[in-house]
Each structure stands twice: as structure tokens, then as C-alpha cells.
Amino acid sequence: VCGMIVAGNVLWLIKREKKRERYPRSWKVIQGLTVGACAGVVVATSAAFLLERVIPVDLEARSTLVQGAFFVVLLGVSVVGFFPKSIRAFLSRCAFLCAGLLGTLVAADVVFWGSAIADAWRDGHQAVAGVTIGFGLCAIAFAWLGRAIAVAGSAHSAAKSTSAPQPALSGAEG
């Protein structure tokens with residue numbers, strides 16, 4: 001569902017791109033909000049998943065800390081989303097950040113809960129390990145995505161220097 005929302009927001013921006021020249025300030029605000037908030041939700045969710053694993057379960061303010069961190073990260077990434085020189089580079093960095101957060105989560109699982117996960121596996125509860133494996137696969141996918149976006153941005157930059165100007169979103173220059 002979240003992927004559909006993000007895709008819908010990006011498609012809406014592309015559709016509105018024709019009006020970009022008539023309303024440059026409004027366009028920049030809408031573009032910044034869309035790109036920053038969409039990327040921010042993904043990064044904030046990755047950070048919240050990590051915090052859920054590393055903050056002690058019996059800490060009274062645990063829920064408040066996770067929620068507060070989620071909103072601080074969301075706000076921070078959303079604000080940074082207004083100022084990138086390149087949207088591709090911004091999205092690539094966000095993907096790498098998510099890969100790092102989720103990779104750290106997997107490492108924390110192994111260090112703190114490895115024997116418990118292994119015991120659960122032996123007792124027939126593979127879903128416990130499946131969650132950690134799933135986060136590991138997501139970390140790999142985010143690293144791949146970050147690299148793919150960065151490589152596409154490099155290829156686009158090289159092509160852009162030898163061809164006509166591209167629209168902002170398709171060229172992803174912010």
C-alpha cells in the first residue's frame with residue numbers, strides 16, 4: 001500500500017510538471033514535500049524497526065522513544081528533501097541509510113538474540129528467524145536500490161551533458 005501511495009505521489013508530480021514554469025515556488029514546495037515525506041517515512045520506519053530491537057523491552061518510555069525518534073527522523077528527512085541538488089542522489093542516500101539501519105538491526109539480532117533465534121528455529125518456530133532474514137533481505141534490497149539509483153543518476157548526468165535538457169522529475173534533478 002505504501003508503495004502505491006509513493007508511486008501515486010510521483011505520478012501526480014510528473015503530471016503537474018507542465019505547470020512547473022508557471023508556479024515555480026509552489027512546485028518546489030510540493031516537490032520537496034512529496035520527495036522528502038515519502039523518503040522520510042521509509043527511513044523513519046527503518047529507524048523505528050532498529051530501535052524496537054535495541055531498546056530494552058522493560059524500559060517504561062520505550063514506546064515514546066520509538067515514536068519520538070520516528071517523527072524526528074521523518075521531519076529531518078522531509079526537511080532535507082527540500083534542499084537536494086539532485087533528487088536522485090538524495091533518494092540514493094536515503095536507500096543506503098535504510099540499508100545501513102536494517103543491516104544494523106540484523107547485526108543486533110544476531111548479537112543480542114542469536115541463541116534465542118537459533119533455539120526457536122530448532123523448536124520449529126522458523127518465523128522468528130524469518131523476520132530477521134526478511135530484514136536482511138530488505139537491507140540488501142535497499143543497498144541494491146541505492147546503487148541502482150546512483151548509477152542511473154551517473155548515466156543520466158553523462159547523457160545530459162551531451163543532449164538536450166530533461167524535465168526535472170524524469171531527470172530527477174532538484
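Bear in mind that the values here come from a model prediction, so they are computed numbers and not experimental data.

S.K.: Report on a positive patch on the surface, specifying residues and quantitative values.
M.R.: On the surface, a cluster of positive charge is made up of Lys15, Arg16, Lys18, Lys19 and Arg22. Within the secondary structure, Lys15 sits in helix α1 (residues 2–16). Here Lys15 falls in the exposed class, since its relative accessible area comes to 68%.

S.K.: So what about the pattern of salt bridges? Which residues, and what values?
M.R.: The final tally for this structure, using the stated rule, is 3 salt bridges. Between Arg53 and Asp109 there is a salt bridge, with the nearest N and O atoms lying 2.8 Å from each other. Remark: Asp109 occurs in helix α4 (residues 87–122) and Arg53 occurs in helix α2 (residues 24–54); sequence separation between them is 56 residues. Between Arg122 and Asp119 there is a salt bridge, with its nearest N and O atoms 2.3 Å apart. Taken together, the positions of Arg122 and Asp119, both in helix α4 and 3 residues apart, correspond to about one turn of that helix.

S.K.: Account for a nonpolar patch on the surface, naming residues and giving values.
M.R.: Taken together, the side chains of Val6, Val10, Leu11 and Ile14 present a nonpolar region at the surface, about 310 Å² in accessible area. For Ile14, the position within the fold is in helix α1.

S.K.: How would you explain the environment of Ser46 if you had to name every residue and give the values?
M.R.: Assignment of secondary structure puts Ser46 in helix α2. Judged by relative accessible area, which is 3%, Ser46 ranks as buried. Taking the C-alpha atoms as reference, Ser46 lies 9.2 Å from Gly100; in sequence the two are 54 residues apart. If sequence neighbours within four positions are ignored, Ser46 has contacts with Cys98, Leu101 and Leu102.

Reading guide: rules and limits
- Residues numbered from 1 in each chain as written.
- Predicted model: local features only at pLDDT ≥ 70, side-chain atom pairs only at ≥ 80, totals over all residues.
- Heavy atoms only, no water.
- Patch = residues over 30% accessible without salt bridge, like charges linked within 9 Å, V, L, I, M, F, W, Y side chains within 5 Å.
- Areas by Shrake-Rupley, 256 points an atom, 1.4 Å probe, with all protein chains shown as cover.
- Salt bridge = Lys/Arg side-chain N within 4 Å of Asp/Glu carboxyl O.
- Lys, Arg positive; Asp, Glu negative; His and termini not counted.
- Charge placed at Lys NZ, Arg CZ, Asp CG, Glu CD.
- Helix = DSSP H or I, 4+ residues; strand = E, 2+ residues; numbered from the N terminus.
- Buried < 20%, exposed > 50% of the residue type's maximum accessible area, 1.4 Å probe, protein only.
- Contact = heavy atoms within 4.5 Å.

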